[in-house]
Amino acid sequence: MTAPLPKRIIKETERLQSEPVPGISASPHDDNARYFDVMVEGPGGSCYEGGVFSLELFLPDDYPMCPPRIRFLTRIYHPNIDRLGRICLDVLKNNWSPALQIRTILLSIQALLGAPNPDDPLNEAVAKQWKARENQPEAIKTAREWTRLYANK
Amino acid sequence: MGAKVPRNFRLLEELEKGEKGLGAEACSYGLDEGDDLLMTNWNGTILGPPHSNHENRIYSLKIHCGPSYPDSPPSVTFISKVNLPCVDPRNGNVDLSKLPSIATWKRDFTMETILIEIRRFMAAPANKKTAQPAEGTNF
C-alpha cells in the first residue's frame with residue numbers, strides 16, 4: 001500500500017494541532033494523511049475580515065522538495081486567486097524552499113488576503129478592477145460582498 | 001506506492017494538462033463551466049480516426065466526474081450521434097466496460113485515457129466500417 005508518512009510531515013501535522021496558528025486551522029483527512037482541510041480567517045482590517053475561507057491542501061510525493069498544492073474551496077474575489085480557487089503566490093512556485101512549511105505557507109496566504117497584488121494577477125478581470133484607481137472602491141466592495149455571501153461559517 | 005492524489009488535485013492536473021494541450025492531439029477536454037469549483041462537468045471531443053467511417057468527424061462528449069472519481073470512473077456520454085457497440089443508441093451513454101483496455105477501471109486512468117480508448121475502439125477492424133448516422137446530428 002502507501003509508503004509510510006515521512007517524519008517531517010508527521011512533525012508538521014502534530015505541531016499544527018498542538019500549537020495552532022491564530023486564525024488558521026489545518027487537519028489531515030482520516031484516509032489520507034497528506035490531504036488537509038484548511039480554514040483561514042480573513043485578516044482584520046482587510047475586505048475579507050469576518051470571513052472564514054475553506055481551502056484544501058495536498059502534500060505531493062516530492063514534498064518538501066516541491067511546494068504543497070493548495071486551493072480555495074470558498075469563492076473569493078481576489079486578484080491573485082482564480083475562479084477555481086487556484087492561488088498565484090511566489091512561495092508556492094519559484095520561491096518555494098524546503099525550509100518553508102505548511103504553517104508558513106498558510107500564513108503567506110492569509111497575508112495575501114490582507115495585501116492583494118494586482119500587478120501579478122492570476123485573475124485578470126479582478127486585477128483590472130483592482131488596479132484602475134477609479135474602480136478600486138468598487139472592487140473592494142465586491143470582495144466584501146463575496147466574503148459576506150460565501151465565506152460565512 | 002506513492003501518495004494518493006485527492007480527487008480535486010487530480011482533476012486540476014488533468015485540467016492543466018488539457019489546457020496546455022499536452023494531451024493527445026486527436027482528443028481534447030476541458031471544464032464545462034470555468035468557475036465550477038467542484039469540477040464535475042467536462043466536455044470532451046474526439047477527432048474521428050483516419051481510414052474509418054469516422055474520419056474527419058468531430059464528436060462531442062459530456063464527462064461527469066462524481067465525488068468518487070478517480071476511484072470510480074466518470075460517466076461519459078456522446079452528444080454527437082455515433083454508432084458504436086459501446087454506446088447506447090438511445091441516449092449516447094458510453095459503457096466503459098465494453099472498451100477492452102479500460103474495462104477494469106484503475107485509478108491511474110484519466111479522462112484522456114478514456115477518450116483515446118474510445119477513439120481506438122472507433123478504429124478497430126470490427127467497428128471502423130460500421131454505417132454512421134448523418135454527420136452533425138445529436139442524441
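Residues numbered from 1 in each chain as written. Chains lettered and ligands numbered in written order. Predicted model: local features only at pLDDT ≥ 70, side-chain atom pairs only at ≥ 80, totals over all residues. Heavy atoms only, no water.

Colleague: What am I meant to see in the side chain of Arg10(B) here?
Modeller: Residues and elements named next belong to chain B. In this structure, Arg-10 sits in helix α1 (residues 7–20). For Arg-10, a relative accessible area of 8% corresponds to the buried category. Within the structure, Arg-10 has its side chain in polar contact with the side chain of Glu-14 (distance 2.9 Å). At 3.4 Å, the side chain of Arg-10 forms a polar contact with the side chain of Tyr-69. When near neighbours in sequence (up to four residues on either side) are disregarded, Arg-10 contacts Val-5, Tyr-69, Pro-70, Arg-107, Asp-108, Phe-109 and Thr-110. (Helix = DSSP H or I, 4+ residues; strand = E, 2+ residues; numbered from the N terminus. Buried < 20%, exposed > 50% of the residue type's maximum accessible area, 1.4 Å probe, protein only. Polar contact = N/O pair within 3.5 Å; in protein donor to acceptor, adjacent residues only side chain to side chain. Contact = heavy atoms within 4.5 Å.)

Colleague: How should the interface of chain A and chain B be read in this particular structure?
Modeller: A common measure of how large an interface is: the accessible area buried when the components associate. On the chain B side, the residues contacting the 22 residues of chain A number 19 residues. The contact between chain A and chain B buries some 1,800 Å² in all, and 59% of this surface belongs to carbon and sulfur atoms. Here chain A and chain B share two salt bridges between them. The closest approach of N and O atoms between Arg86(A) and Glu16(B), which form a salt bridge, is 3.1 Å. Our count for the contact surface shared by chain A and chain B stands at six residue pairs in polar contact (both at pLDDT 80 or more). (Buried area = accessible area lost by both parts, 1.4 Å probe. Salt bridge = Lys/Arg side-chain N within 4 Å of Asp/Glu carboxyl O.)

Colleague: In this structure, what is going on with the UniProt feature "domain: UBC core" (unreviewed entry) in chain A? I would like to understand it.
Modeller: What UniProt calls "domain: UBC core" (unreviewed entry) maps, in this numbering, to residues 4–152 of chain A. Here residues 4–152 of chain A runs as 32% helix and 18% strand, with 37 Å between its end C-alpha atoms. (UniProt positions renumbered as here; feature names shortened; annotations may be inferred.)

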